[in-house]
Amino acid sequence: MSDYTSRVLEQVRAKNAGEPEFLQAVQEVISTIAPVLSANKKYEDNCILERITEPERTIIFRVPWQDDKGNIRINRGFRVEFNSAIGPYKGGLRFHPSVNLGILKFLGFEQVFKNSLTTLAMGGGKGGSDFDPKGKSDMEVMRFCQSFMTELQRHIGPDTDVPAGDIGVGGREIGYLFGQYKRLRNEFTGVLTGKALNWGGSLIRPEATGYGCVYFAQEMLATKNDDLQGKVCVVSGSGNVAQYLVEKLNQLGAKVVTMSDSNGYIFDPEGINAEKLAWVMELKNVRRGRIREYAEHFKGAQYFEGQRPWSVPCDCAFPCATQNEINGQEAATLIKNGCKLVAEGANMPTDLDGINNYLAAKILYGPAKAANAGGVATSGLEMAQNSQRLNWTSEEVDAKLHSIMVNIHRNAYDHAREFSGDCTADFTNYVAGANIAGFVKVADAMIDQGLV
Ligand code: NDP
């Protein structure tokens, strides 16, 4: 690292103590963009690193609501408006008991670079609450969402900040949030993405993150004249991203042998085919049950309580649950068992030790901010359709998503080869490539716009 990057990293550590996920995300980016900083003194002269690691605005608010028994409950709400240099703030809302400011700052920071990579005009933001939708009735979720939006609506808008879903925020929650926004502001606008089709949503938005991650994996494999046909794949999670990622892998002839939730994972050596996946979707989206029921329902499948799937031998791994779900040792186990590709559907699912293991083993590693950017890219397409008051067909949206993922791959690949010293004929450092490509566009826009 250069003097400049070391100094900024020290300042960020001192200012954000107690936010380990945010520091991890900043360290990963700063450690890989050093070659661009050394080659372009303007970034240091304009204090771009100091500015890009500080959110433009952070909003924290009380969310009071009443449960079905009439008890008063209080949660904490957040919106981190991280960077608007290239467009309105854009990024999801997460409802999960683990949510705190540090988690949302890491997600917002990652979102800035990811959104830049999509080539669309979107800044970065993230928000959410420590509210846990699990075990709550629909009416409780609705009352919480209405209270949350009563405050959030002051800070967002179709040209200001456009939230979407994330963990714990799916179609149901987006509906309640949108309804309350519309009621308070008396306007029907594209202020949220991930809306249902009959009131402004886009076809392919639910599928986009999972499909896009698979398209990115295809592009990485193509650099080695390979494809997904017949590949054994290990997937974590069983939510929105995991479900559609498994659907696309099946369509392309791969065999998915695991899925998981926060309690454990199932291993099905026969493969989770389309029919079994439909059962999982009903289990998770309608009955809101646990993945362990899969092993009770399908003969030959096994359930592993309290474990993650990374010890299952595979050709390709797709973490699609949450941050830091693969540590250094688990990454080493994946590699030892023959895994040749990791593409991240979740945000920052691999810790820094794990990333170093992938890079040392020179496997195909697609980091989250490139590999899962299809979700937010399609949110950008939803915003474009809302502005035009038009709906594009599934084929049109999917073709645009595919082309965006091909471009993101190409952009990360080219920037890695231009700037990262450790690329070889057989190896591309996509971490460096994605970080550099994402950074340059935002940093140059910040310089153009002066000291704001
Ligand atoms: P969902 O809430 O639909 O699903 C999350 C899945 O991950 C569930 O299976 C959940 O299990 C599991 N999970 C959540 N927390 C943990 C945990 N602490 N340990 C183990 N498993 C856990 O969320 P999404 O599918 O939308 O999001 C998954 C990941 O993808 C997140 O990292 C998100 O930030 C990222 N992402 C999502 C995008 C989107 O478009 N939705 C876009 C880009 C990234 P359980 O059922 O038990 O809760």
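Everything discussed here concerns the structure shown above.
From a predicted model like this one, the values you see are computed outputs, not experimental measurements. Chains are numbered independently. Their residues run from 1 in the order of the written sequence. In keeping with the model being predicted, local features are shown solely for residues with a pLDDT of at least 70 and side-chain atom pairs are shown and tallied solely at 80 or more, while totals for entire chains, interfaces and linings include all residues. The side-chain quantities take in all heavy atoms of the structure and omit both hydrogens and water.

Caption draft 1: Examining the side chain of Thr428 more closely. As for its position among the elements, Thr428 is in the loop between helix H16 (394-419) and helix H17 (430-448). Side-chain polar atoms of Thr428 contact the side chain of Arg417, separated by 3.0 Å. Setting aside chain neighbours within four positions, we find Thr428 in contact with Tyr413, Ala416, Arg417 and Cys423. Helix numbering and strand numbering both begin at the N terminus, where a helix is a DSSP run of H or I of at least 4 residues and a strand a DSSP run of E of at least 2. Any pair of N or O atoms that falls within 3.5 Å is considered a polar contact. Within protein, one atom must be able to donate a hydrogen and the other to accept it, and sequence-neighbouring residues count only if both atoms are side-chain atoms. Every residue pair with non-hydrogen atoms within 4.5 Å of one another is taken to be in contact.

Caption draft 2: Quick look at the state of the cysteines. A pair of cysteine sulfur atoms is labelled a disulfide when the two atoms are within 2.5 Å. Summed over all chains, the structure comprises 0 disulfides. As a non-bridged cysteine, Cys233 has Cys316 as the owner of its nearest cysteine sulfur, 4.5 Å distant. Cys233 sits in the buried class, given a relative accessible area of 0%. Only protein chains enter the accessibility calculation, which uses a 1.4 Å probe; a residue whose area is less than 20% of its type maximum is buried, one above 50% is exposed, and one in between is partly exposed.

Caption draft 3: Up close: the sheet that holds strand S3 (residues 89-95). Pairing between strands is defined by DSSP: at least two bridges between them are needed. If you walk across this open sheet you meet the 5 strands as S1-S2-S4-S3-S5, and the pairing is mixed. Where the open sheet ends on each side, the last strands, each with one partner, are strand S1 (57-66) and strand S5 (161-164). The mean inter-strand angle of the sheet, taken between neighbouring strand axes irrespective of direction, is 20 degrees. Across 3 bridges, the pairing between S3 and strand S4 (residues 124-129) is parallel. For Phe95, the partnering residue across the bridge sits in S4 and is Ser129. Axes here refer to lines fitted to C-alpha atoms; in helices the fit is confined to the stretch in contact. Angles between the N-to-C directions go from 0 to 180 degrees.

Caption draft 4: Looking closely at the layout of surface pockets. Cavities and pockets were defined on a 1 Å grid built over protein atoms only: a cavity is a set of grid points that admits a 1.4 Å probe from which the probe cannot escape, a pocket is an open set flanked by protein on both sides within 12 Å along at least five of seven lines, and lining residues are those with an atom within 4 Å of any such point. Grid points are joined across faces, edges and corners, and a volume is the space filled by probe spheres set on the points. Quantified by volume, the second largest pocket comes out at close to 330 Å³. Around the second largest pocket sit 17 residues that line it, and Gly190, Met383, Asn386, Ser387 and Arg389 are the ones nearest its centre. Classifying every residue of the lining of the second largest pocket gives 6 nonpolar, 8 polar and 3 charged. By the convention adopted, Pro, Cys, Tyr, Trp, Phe, Met, Ile, Leu, Val and Ala count as nonpolar, Lys, Arg, Asp and Glu as charged, and the other residues, Gly among them, as polar.

Caption draft 5: Focus on helix H1 (residues 3-15). A helix is expected to reach a length of 1.5 Å times the quantity of its residues less one. Over its 13 residues, H1 runs 18 Å from end to end, which matches the ideal 18 Å to within 8%, given 1.5 Å per residue. Taken together, the buried positions of H1 are occupied by Tyr4, Thr5, Val8, Leu9 and Val12. Down the axis of H1, the buried set is contained in an arc of 125 degrees. They therefore lie on one face. Exposed residues lying more than 90 degrees from the buried face of H1 are Asp3 and Ala14. Residues of H1 that are buried sit in contact with helix H2 (20-39), helix H3 (41-45) and helix H4 (48-52). To obtain the arc, one takes the directions from the helix axis to the C-beta atoms.

Caption draft 6: Quick peek at the site of the ligand. Neighbouring residues are identified by heavy atoms, a residue being near a molecule or strand if any of them is within 4 Å of it. Not every one of the 25 residues close to the ligand is listed here, only the nearest: Asp166, Thr209, Ser262, Arg290 and Asn347. Within the backbone of Asn240, an N or O atom sits 2.9 Å from an oxygen atom of the ligand. When the free accessible area of the ligand is taken as 890 Å², the share hidden by the protein chains comes to 82%. Of all the secondary-structure elements, those providing two or more residues to the shell around the ligand are helix H8 (205-222), helix H9 (240-251) and strand S7 (255-261). Considered class by class, the residues forming the shell around the ligand number 5 nonpolar, 13 polar and 7 charged. Method for areas: the Shrake-Rupley scheme with a 1.4 Å probe, in which residue coverage is limited to the protein chains shown.

Caption draft 7: Structural context of the packing of H9 against helix H10 (residues 274-286). Between H9 and H10, whose axes approach to 10 Å, the crossing angle comes to 170 degrees. With respect to H10, the element H9 is oriented roughly antiparallel. Counting all contacts with H9, which are made through Gln243, Tyr244, Val246, Glu247 and Asn250, the residues of H10 involved are Ala274, Leu277, Met281, Lys284 and Asn285. Split by residue class, the contact of H9 with H10 holds 5 nonpolar, 3 polar and 2 charged. By definition in this entry, angles of less than 35 degrees are roughly parallel, angles greater than 145 are roughly antiparallel, angles of 65 to 115 are roughly perpendicular, and the rest are oblique.

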